[in-house]
Structure formats: structure tokens, C-alpha cells
Amino acid sequence: MMVGHAMVAFAVATAVTMRRWPSERALTFGAIAGAFAAVPDVDMLYAVVGLAQVGFGGVWAMTEAFWQSSHLVHRAVTHSLVVGVVASAAFAAAVAGRKTAASRSDGRWSRLGGRWSRLLAAALVTGLTAASVAESGLLGGAVMLAFLLAGLAVAAVAARRTDFGPRTILAAALLGLLTHPFGDLFTGAPPRFLYPLDLRLLTERVTLLADPTLNLLAVFGVELATIWLAGYVYLRATDRRLLEHVDTRAAFGAAYAIAAVAMPAPTLDVSYHFVFSILAVGAVGVAPNLLPSRSVLSAEWNEAVTWVLTGLTAVSIAALTYTLVYVSVPFA
């Protein structure tokens, strides 16, 4: 779901700022918000511990160990709205003292001065890490620190590569970090929205459909919809048309329908075979790059956007035809 989180933040940030900024600037802001939206999933790094414990075994043993380890901290320490607000302030304060034209004109942040802003950032980082240690032990503290370092890295790159000041980076961080937890309501355990406070807004994940396989397909459809939304916003911002960047070979995705009768029905608990195989269908998007023979294409292949949209279309067609076969064939 990491891609979906980033796409939602990118789409919202770009669409909102396009009304008052040039397209290139709005796209840059959207990219920064998307990068911040991906940061909370740094907590998945701990799941590597689970793999190290079981070594190279069967694929099911390895995946089970991976997810069991990840559940110790995943969607808790880094998926909190409380943490997101404080962390965003830390990321903005860390870059507030940079001596750029943007920072000098950025109001109250500039008056803090470089030294005081860095002290504020350090205090917020220390406070969040200490709170996580108190609530979740050394593991929670380590995950929180990794999360904060990742966010600080995104903020530093954004400040160095753009003319955005700390207030703009604060807005991007808030948008990315505060939208992320809501995307996890449909898969696995719901996030701890108010961590480290001992309050839970939800105790069970949101189920869209009663049938476990159809529920998985619905969640996968939501993920695809977020990516399509981001693609649509990008096309609008760059004044492009969708059909000019989708090749007819995306129709090959319909062949995936046979998987509905050839593979066990997937669910959210066991979905690896479905997810990996259907995402592989997207390879048709880069096929011309791998096979540069004479082609009969309907789109120009000189841009990555065409490869991405063709692959995305193929995966979407595959998901639709798979669903149609699943609901139509009794033994699927």
C-alpha cells in the first residue's frame, strides 16, 4: 500500500496547489508530499528481523515470519496523527535556518534563526523518541528514530533542491503524514491514530465486502483508483491526454482472467500469489523498451509516462476480468 499512500498525497497536494501555482511548482510540491507519505512505512524495516530468524526456508514460512515481525510495531509508532503533527514540525524546524531567499521571506520561521530552529528540531525528535521508548520499549524507540531520520532526509532534500521554505515543507509533511494512516483502514490491523496515547479510534479493519476474495479485489481496486487519480492529476498538470499515452497492448491484461480458475482464491490473509502475479502483468508497459523490434503501437514510447499508464491499464483490465470470472464461474 506504500505506493497508494504516496499517490494520494501527491494527487491531493498537486490538485490543490495547481489553482495558485504554476504546474511545475505544484508537481514538485506534490512529489514532496508523496515522499513524506511513504515515510511512515519505514517501520517495515524491522520485519527483516523475522526473515533473519527463519533464514532461507519455504516462501510461506518466510512471509509469515516477515508479517509477524512487522506487526510488533507496524501501524503504531509511525502511523499516529499525534506523531505526524509533531514530526512535521520537527522536519520544518530542521530546515528553517537555511540561508536561502525562501527561508528569509518565510515569516515567523525565519525569526527563529538557524541555531534555535535546529534546537527545536532536536528537542522534538528527542521527545518523540523518548515517548516511544516509554510506550513501546527500545524497539519502538528505534523505529521512531528511523522514521524521524527518514523524514528529516526528505525535508533536507526538499529544502536543498527547491526554493520551498519551512512553512511549505511543513504543509507537505502534514499532508503526507496525516493522510497515510487512513489508507491502512482496509488491510490488516487499523493504525493507532493517537499513539502514544492509550486511546483507540478503531479496533478492527474496515471490510468492504463479506466475501473475503471480493473484499481483497475491492481493496485492490481502491489501490488502483488512487494510482489512477495521481495519473489523472499529472496529465492535467502537464496538459496531456490519457489516450495518447495508453497503448493497445494493454488489452493483453484480459488474459489474466484465467488465473481466477487456475489459482486458489486469494484473501487479505493469503494474497501473495495474486498480488505478485497481477502486478507482473504491468510488464507489458515496458515491453517495447525490452524488445525494441518494429512495433505496431498506438502511442509514442519516448516517455516513461506512456510505459507507466500502459502497464497500469493492463493491470486494471486484468483485475476487472479476474473479478468478472470469479463472480461468474461457480468453481472459480
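Every chain is numbered independently, its residues counted from 1 as its sequence is written. Residue-level local features of this predicted model are given only where pLDDT is at least 70; pairs of side-chain atoms are given and counted only at 80 or more, and the full residue set underlies all totals for whole chains, interfaces and linings. The side-chain quantities take in all heavy atoms of the structure and omit both hydrogens and water.

A. Spotlight on the overall build of the protein chain. Each helix is a run of H or I in the DSSP string that is no shorter than four residues. Each strand is a run of E no shorter than two, and both are numbered from the N terminus. Looking only at helices and strands, one finds 13 helices and zero strands in the protein chain. For the protein chain, the α and β elements follow one another from N to C terminus as α-α-α-α-α-α-α-α-α-α-α-α-α. Buried positions account for 44% of the 332 residues belonging to the protein chain. Of the contacts formed within the protein chain by residues at least 6 apart in sequence, a portion of 74% connects residues at least 24 apart. All accessible areas in this document rest on Shrake-Rupley with a 1.4 Å probe, and a residue is counted as covered only by the protein chains that are shown. For the protein chain, the accessible surface area stands at approximately 17000 Å², while carbon and sulfur atoms represent 66% of it. Buried residues are those whose accessible area, probed at 1.4 Å on protein chains only, stays under 20% of the maximum for their type, while exposed residues exceed 50% and partly exposed ones sit between those limits. Contact definition: two residues touch when any of their heavy atoms are within 4.5 Å.

B. Here's a closer look at a nonpolar patch on the surface. Excluding any residue in a salt bridge, patches collect residues exceeding 30% relative accessible area, merging like charges within 9 Å and nonpolar Val, Leu, Ile, Met, Phe, Trp and Tyr side chains within 5 Å. A carboxyl oxygen of Asp or Glu within 4 Å of a side-chain nitrogen of Lys or Arg is what we treat as a salt bridge. A cluster of nonpolar side chains, Leu201, Leu202, Val206, Leu208, Leu209 and Val222, forms an exposed patch at the surface whose accessible area comes to about 440 Å². Tracing the backbone shows Leu201 in the loop between helix H8 (166-179) and helix H9 (212-237).

C. Molecular detail of the packing of aromatic side chains. Side-chain rings of Phe, Tyr and Trp (the six-membered ring for Trp) are treated as a pair once their centres are within 6.5 Å; stacked means planes under 30 degrees apart, edge-to-face means over 60, and tilted covers the remaining angles. Counted under the stated rule, the structure contains 10 aromatic pairs. Ring plane angle 75° and centroid distance 5.4 Å describe the contact between Phe220 and Phe274, whose orientation is recorded as edge-to-face. Here the residue Phe220 occupies a position in helix H9, and Phe274 occupies one in helix H11 (residues 272-280), the gap between them amounting to 54 residues. Phe274 sits in the buried class, given a relative accessible area of 0%. Taken together, the ring pairs connect Phe220, Tyr256, Phe274 and Tyr322 into an aromatic cluster.

D. Geometry of unusual backbone geometry. Tyr195 connects to Pro196 through a cis peptide bond whose omega is 10°. Positioned with a positive phi, Asp239 is a non-glycine residue whose angle comes to about 55°. As for its position among the elements, Asp239 is in the loop between H9 and helix H10 (259-262). For Asp239, a relative accessible area of 72% gives the class exposed.

E. Quick look at the environment of Leu178. Checked against the element boundaries, Leu178 lands in helix H8. In this structure Leu178 comes out as partly exposed when scored by relative accessible area, which is 25%. Along the chain, Leu178 and Leu81 lie 97 residues apart, while their C-alpha atoms are 5.8 Å from each other.

F. Inspection of the confidence of the model for the protein chain at higher detail. Values of pLDDT, ranging from 0 to 100, describe the predictor's confidence in every residue of the model. Mean pLDDT over the protein chain stands at 83; residues scoring 70 or higher make up 80%. For the protein chain, per-element mean pLDDT is lowest for helix H6 (residues 101-104), which scores 45, and highest for helix H2 (residues 23-38), which scores 97. This model gives residues 100-105 a pLDDT under 50, and the stretch forms 10 contacts once residues within four places in sequence are excluded.

G. View of the side chain of Thr129. Relative to the elements of secondary structure, Thr129 occurs in helix H7 (residues 108-161). On the basis of relative accessible area, Thr129 is assigned to the buried category, the value being 18%. Those residues in contact with Thr129, other than ones at most four positions away along the chain, are Gly141, Met144, Leu145 and Leu148.

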